[in-house]
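# Notes for the structure review
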Number of protein chains: 2
Amino acid sequence: MVFVMDITMSKKFVQLLVFILTLTKIVLNGNVLIWPTDGSHWLNIELILEELIQRNHNVTVLASSATLFINSNPDSPVNFEVIPISYKSSNIDSLIEHMIMLWIDHRPTPLTLWTFYKELGKFLDAAFRMNIQICDGVLNNTKLLARLQEGGFDVLLADPVTVCGDLVALKLGIPFVYTLRFSPASTVERHCGKIPAPASYVPAALSELTDHMTFGERVKNTISYLLQDYIFESYWGEWNSYYSKVLGRPTTLCEVMGKAEIWLIRTYWDFEFPRPYLPNFEFVGGLHCKPAKPLPKVLWRYKGKKPATLGANTRLYDWIPQNDLLGHPKTKAFITHGGTNGIYEAIYHGVPMVGVPMFADQPDNIAHMKAKGAAVEVNINTMTSEDLLNALRTVINEPSYKENATRLSRIQHDQPVKPLDRAVFWIEFVMRHKGAKHLRPAAHDLTWFQYHSFDVIGFLLVCAATAIFLVTKCCLFSCQKLGKTGKKKKRE
Amino acid sequence: MVFVMDITMSKKFVQLLVFILTLTKIVLNGNVLIWPTDGSHWLNIELILEELIQRNHNVTVLASSATLFINSNPDSPVNFEVIPISYKSSNIDSLIEHMIMLWIDHRPTPLTLWTFYKELGKFLDAAFRMNIQICDGVLNNTKLLARLQEGGFDVLLADPVTVCGDLVALKLGIPFVYTLRFSPASTVERHCGKIPAPASYVPAALSELTDHMTFGERVKNTISYLLQDYIFESYWGEWNSYYSKVLGRPTTLCEVMGKAEIWLIRTYWDFEFPRPYLPNFEFVGGLHCKPAKPLPKVLWRYKGKKPATLGANTRLYDWIPQNDLLGHPKTKAFITHGGTNGIYEAIYHGVPMVGVPMFADQPDNIAHMKAKGAAVEVNINTMTSEDLLNALRTVINEPSYKENATRLSRIQHDQPVKPLDRAVFWIEFVMRHKGAKHLRPAAHDLTWFQYHSFDVIGFLLVCAATAIFLVTKCCLFSCQKLGKTGKKKKRE
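Residues numbered from 1 in each chain as written. Chains lettered and ligands numbered in written order. Predicted model: local features only at pLDDT ≥ 70, side-chain atom pairs only at ≥ 80, totals over all residues. Heavy atoms only, no water.

What counts, and what does not: UniProt positions are given in the numbering used here, feature names are shortened, and annotations may be inferred rather than shown by experiment.
Chain A is annotated in an unreviewed UniProt entry as UDP-glucuronosyltransferase from Lynx canadensis. Quoted verbatim from the Catalytic activity (unreviewed entry) heading of the UniProt record, the comment on chain A is "glucuronate acceptor + UDP-alpha-D-glucuronate = acceptor beta-D-glucuronoside + UDP + H(+)". The record held by UniProt for chain A lists under Sequence similarities (unreviewed entry) the comment "Belongs to the UDP-glycosyltransferase family."

So this is what it looks like as structure tokens:
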């Protein structure tokens, strides 16, 4: 439970109250349930979770028994509820590896999207089956559900890339908040969240286009939206049936997703092209960034066998503190695969980038940084060591790259409220007010036909056509009448 | 000039620096030029101006020699640059009175908008001529312009209801920020600011509709948008010529207005229906609200002769501190003409309202409060004392009104940053970064035809039609060929 205190209460009285409540173990905090997604997604949600704990909230993570990054540190005050599933971490690993290789071999363009998604079909199927296991692991698990019911949660924070978090929230009767980087062609944000995306200047996800497009690019962008909408509409079909079955009434995945109180989007206007959005969308990109700690020497993370040709001035490490390295004053450039987390660390510290994107949003992310003048791209399939060297020389020696990276850094640092604080503020707001209904657009109550005013336009066109028809008829009738009278007069 | 300080500088060093700079009269502050609008609009901008002074900025107000509310207090640190004009305050007064009476007699509905604006034409003409005098008073005044050039301003803050502020900023080569409640049918926000407004759930200004509309209301709303667009497009014609003449190149009012770095909109989501907006729009409604100071007794502001029938428990005053009155714990309801400033004070203190709207945005404002369940409306043309009494009894005795007013109050108070601080933050941001170009949508670089993708849709339709045509032709040709071969075979 979250208590909203009367600010007129005297300080001493509040201190006494806190003391009593602490004694009776009823502390002034909220109860947050987390529905994460594994891999790099977890790194982002972990920061929010730590901040929630800092602010005295109880945090429980619902995680499957097979995870890559999500782990239950015994020293951490985070509670873990484990969802038993049949597959293993190695299955996820190989699935992701398969997807990365597929993506590198068939990097989609707006014109090859169709064949790309056909190739991706197998991966999507396997991911769907894994996801269904996680859903069933909670929703068909009466004991776990009962325990969660008793947990008295105030809010559920979900990464919607793993589907079903919203459904769990509905089952528990609590509001939910999303944290999300993107969905293909922003299909989910547009159709379920009702965010407008004019195809003329908002590039579709995975299109690698920018906000300034030629006519040809705008055609490609429109096709991107249409194709990805069509592909994901068919992908959603199975989820619609599952959601309807669980809720015991006909519904769709999108209808349930549309109930999210707040959408925390993991980008900001330093990275994003300015675009229309809605009051329940909050752009909190870079929430994981923090000042660098001092670093002893230059480093290189590398897990494989040490190459014989390695220079004496290059050191290999299994894992390095990337943020501290990027914040080091001697860091001149960042060679990155283009994940949003890494790009934001580079933006935060104002470091120009050489992007070698591989899959998912990475090619798009590098396209954004290129458009903002802070990065050069190297193609992973065709690159030679000379290409990489040239790219590095460009971003280091041409001052515009450093200038632009510094400009983006200034934008990231100069916000009224830091992204992590904004993210946590809105989660706490939802707890305090049991939702954020005042931010929910009425678009959710319209069909797509009504939303685009197609019925009104149709009606007005019919009215106009009728008016034109009637006026024409009247004119013709009058002309005929006049003609007849004329003839009659002539005859007379 | 605004200095961005290195935060690593030691505290003592900063203190020393400030001391030296203060001694040499070069203080760490910005130079802000204000382009206000008179009347209640001034009350709102005055608060921003006071906060800017608090934060050590120099503020200069450009005001015409005939004003109603804008006055140069000799004790105030605000500089006033007076624009000499030929008309007097009494002319403005009578013009506004004329407009109010016209509005009360011809309150526009979506279906009577046309005749209403025809009636309003005279007022618009007079207002246009007054406004042109203000513009000329600066732009043709070489001495004043030179003085402003020398002033070294960092930003201009303009209320665009008085046109030309943007033009002055352009002449001075400085960025500008708008503060605005609304324009009719949000014509300016949509066409010049590029904010999307789906007619299906975003009610047009002056329509008195809400975000939940029946089919008939959506038809009315669409007609409202179309009509007001058409009317204001013709009204803008004169301004387009004026702007082109001043800048010495063909331009439009809208193109210049579109250069605003930030649009500070004087509403928030407690008042506004959730709608799409853009990153350079900031909703700062209620920025003038503050906690109430204690009040001795119940009061009534009344300027005329004391009526003989007045009860002994009612006191008349020339002017009362409305905010303190609304914040008094014994205040049960607020009878208001529905101005945004007053409504926000009621929201801030959680007081339900009886609305008696007269003109401009007032009927709309009351429609918003009615839809949110915090107000009852009484028609000024038809009301009896009994109607007013019933309305008062309703909002006082039906608990839902107080509950809803309290809910809106909670939303107003529970923001990550207070509206006044947000407004000033973005003005300061524009000073620090010489603009806020990273928030400017690329929509500004598109024609309306491109913006709506009409060219792309046309192209795709032509492609589809051509494909269908070719396929049909091929089929027909094959059929004919087959038919001929068949006949030939038969004959053989």
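Now that the structure has been shown, we can carry on.
### Focus: the overall build of chain A
Put simply, the rule is: Secondary structure elements follow DSSP: runs of H or I of four or more residues count as helices, runs of E of two or more count as strands, with numbering from the N terminus. Burial status follows relative accessibility: with a 1.4 Å probe on protein chains alone, a residue under 20% of its type maximum counts as buried, one over 50% as exposed, and anything between as partly exposed. Two residues form a contact once any of their heavy atoms are found within 4.5 Å. In this description, accessible areas are obtained by the Shrake-Rupley approach with a 1.4 Å probe, and a residue is regarded as covered only by the protein chains that are shown.
On a plain count of helices and strands, chain A comes out with 17 helices and ten strands. The buried share of chain A, taken over its 492 residues, is 52%. Restricting to contacts in chain A with at least 6 residues of sequence separation, those with at least 24 account for 63%. Accessible area of chain A: about 24500 Å², with a carbon and sulfur share of 59%.

### Examining the sheet that holds strand β10 (residues 375-377) of chain B
All names here are of chain B. Stated precisely, the cut-off is as follows: Two strands qualify as a pair provided that DSSP identifies no fewer than 2 bridges between them. Only the stretch in contact is used when fitting a helix axis, every axis being a line fitted to C-alpha atoms; angles between N-to-C directions are given from 0 to 180 degrees.
If you trace the three strands from one edge of the open sheet to the other, you get β8-β9-β10, paired in parallel fashion. Only two strands of the sheet have a single neighbouring strand rather than two, namely β8 (334-336) and β10. With strand direction ignored, the average angle separating the axes of adjacent strands in the sheet is 20 degrees. Sheet strands in contact with helix α13 (residues 385-397) are β8, β9 (353-355) and β10, and its direction is about 150 degrees off that of β9.

### Brief notes about helix α2 (residues 40-54) of chain B
The condition is simple: By definition here, a helix of n residues has an expected span of 1.5 Å times n minus one.
Spanning 15 residues, α2 of chain B covers 22 Å between terminal C-alpha atoms, matching the ideal 21 Å at 1.5 Å per step. For α2 of chain B, every residue scored as buried is listed here: W42, N44, I45, L47, I48, L49, E51 and L52 of chain B.

### Things to note about the domain arrangement of chain A
Quick note on the threshold: Start and end positions for the domains come from either an automated domain assignment or a database one.
Domains assigned within chain A are domain 1 (27-89 + 129-222 + 236-287 + 418-444), domain 2 (322-413) and domain 3 (448-485). Just the C-alpha atoms count here: the centres of domain 2 of chain A and domain 3 of chain A sit 60 Å apart.

### Some thoughts on the state of the cysteines
Selection rule: Count a disulfide wherever a pair of cysteine sulfur atoms falls within 2.5 Å.
Summed over the entire model, instances satisfying the criterion amount to four disulfides over all chains. Across a sulfur-sulfur distance of 2.1 Å, C135 of chain A and C164 of chain A are joined as a disulfide pair. One disulfide, between C135 of chain A and C164 of chain A, carries an S-S torsion of 105 degrees and so falls in the right-handed class. With C135 of chain A in helix α4 (residues 113-139) and C164 of chain A in the loop between β4 (155-158) and α6 (165-172), this residue pair connects regions lying 29 residues apart in the sequence. Across a sulfur-sulfur distance of 2.1 Å, C192 of chain B and C254 of chain B are joined as a disulfide pair.

### Overview of the relation of the copies chain B and chain A
Our working definition: For this overlay, a least-squares fit was computed on C-alpha atoms, restricted to residues scoring pLDDT of at least 70 in both copies.
Its rotation angle being 180 degrees, the transformation that places chain B on chain A also includes 0.0 Å of axial translation and leaves an RMSD of 0.1 Å. What we have between these two chains is a two-fold relation.

### Regarding the interface of chain B and chain A
Put simply, the rule reads: Summed over both partners, buried area is the accessible surface (1.4 Å probe) that two parts give up on being assembled. The working definition used for a salt bridge is a side-chain nitrogen of Lys or Arg within 4 Å of a carboxyl oxygen of Asp or Glu.
Contacts between chain B and chain A engage 46 residues on the former and 46 residues on the latter. Surface buried jointly by chain B and chain A totals about 4100 Å² across both partners, of which 68% is contributed by carbon and sulfur atoms. The tally of links between chain B and chain A comes to four salt bridges. With its nearest N and O atoms 2.5 Å apart, the salt bridge here joins D455 of chain B to R218 of chain A.

### Comments concerning the sheet that holds strand β5 (residues 176-180) of chain A
Residues and elements named next belong to chain A. What the seven strands build is an open sheet, ordered β3-β2-β1-β4-β5-β6-β7; its pairing is parallel. The outermost strands of the open sheet, each flanked by one partner alone, are β3 (79-83) and β7 (281-283). Within this sheet the neighbouring strands show an average axis-to-axis angle of 20 degrees, counted without direction. Bridge analysis of strand β6 (residues 262-265) against β7 gives three bridges, and the strand direction is parallel. Along β7, the bridge assignment pairs I265 with F283.

### Let's talk about empty space enclosed by the protein
To be explicit about the condition: Buried and open spaces are told apart on a 1 Å grid over the protein atoms alone, a cavity being a set of points where a 1.4 Å probe fits but cannot get out and a pocket being an open set with protein on both sides within 12 Å along at least five of seven lines. Residues with an atom within 4 Å of a point are the lining residues. Grid points are joined across faces, edges and corners, and a volume is the space filled by probe spheres set on the points.
Counting across every chain of the model gives seven cavities of 30 Å³ or more. Each pocket or cavity is described by its volume, and for the largest cavity that value is around 500 Å³. The wall of the largest cavity is formed by 26 residues, among which Y277 and E282 of chain A together with Y277, E282 and R422 of chain B lie closest to the centre. Put simply, the parts of the chain that give the lining of the largest cavity at least two residues each are β7 and α15 (419-433) of chain A together with β7 (281-283) and α15 (419-433) of chain B.

### Looking at the packing of aromatic side chains
Within a pair of aromatic rings, the relevant descriptors are the distance that separates the centres and the angle that separates the planes. How we decide: Two aromatic rings from Phe, Tyr or Trp, using only the six-membered ring of Trp, form a pair when their centres are within 6.5 Å; if the ring planes differ by under 30 degrees the pair is stacked, by over 60 it is edge-to-face, and anything between is tilted. In this analysis the charged atom, NZ for Lys or CZ for Arg, is taken to sit over a ring once it is within 6 Å of the ring centre and within 35 degrees of the ring normal.
Tallied over the full model, the rule gives 49 aromatic pairs over all chains. Arranged with centres 5.2 Å apart and planes meeting at 85 degrees, the rings of Y277 of chain A and F283 of chain A form a pair that is edge-to-face. Neither residue differs from the other here; Y277 of chain A and F283 of chain A are each classed as buried. Ring geometry for F449 of chain B versus F454 of chain B: centroids 5.8 Å apart, planes at 65 degrees, classification edge-to-face. An aromatic cluster is built from W103, F116, Y117, F232, Y235 and F359 of chain A, whose rings are joined through pairwise contacts. We note R432 of chain A situated over the ring of F425 of chain A; from NZ or CZ to the ring centre the distance is 5.4 Å.

### Side note on the pattern of salt bridges
Residue and element names in this part refer to chain A. Within this structure, the stated rule accounts for 30 salt bridges over all chains. With a shortest N-O distance of 3.0 Å, E51 and R55 are connected by a salt bridge. Where R55 meets E428, a salt bridge forms, and the shortest distance between an N and an O atom there is 3.5 Å. Of the two residues, R55 sits in the loop between α2 (40-54) and β2 (58-64) while E428 sits in helix α15, which places them 373 residues apart along the sequence. The class of E428 is buried, set by a relative accessible area of 13%.

### Section: the pairing of strand β2 (residues 58-64) of chain B
All names here are of chain B. Selection rule: With the strands aimed away from the viewer, a crossover counts as right-handed if its path from the first strand over the helix to the second runs clockwise.
For β2, the buried fraction is high: six of the seven residues fall into the buried class. Here strand β1 (residues 31-35) runs beside β2; their pairing, made up of four bridges, is parallel. When the sheet's bridge partners are listed, I34 is paired in β2 with V61. Taking the sense of rotation as the criterion, the β-α-β connection linking β1, α2 and β2 turns out right-handed.

### Brief notes about the UniProt feature "transmembrane region" (unreviewed entry) in chain A
UniProt tags residues 456-479 of chain A as "transmembrane region" (unreviewed entry). Helix makes up 100% of residues 456-479 of chain A and strand 0%, and the two end C-alpha atoms of the span are 34 Å apart.

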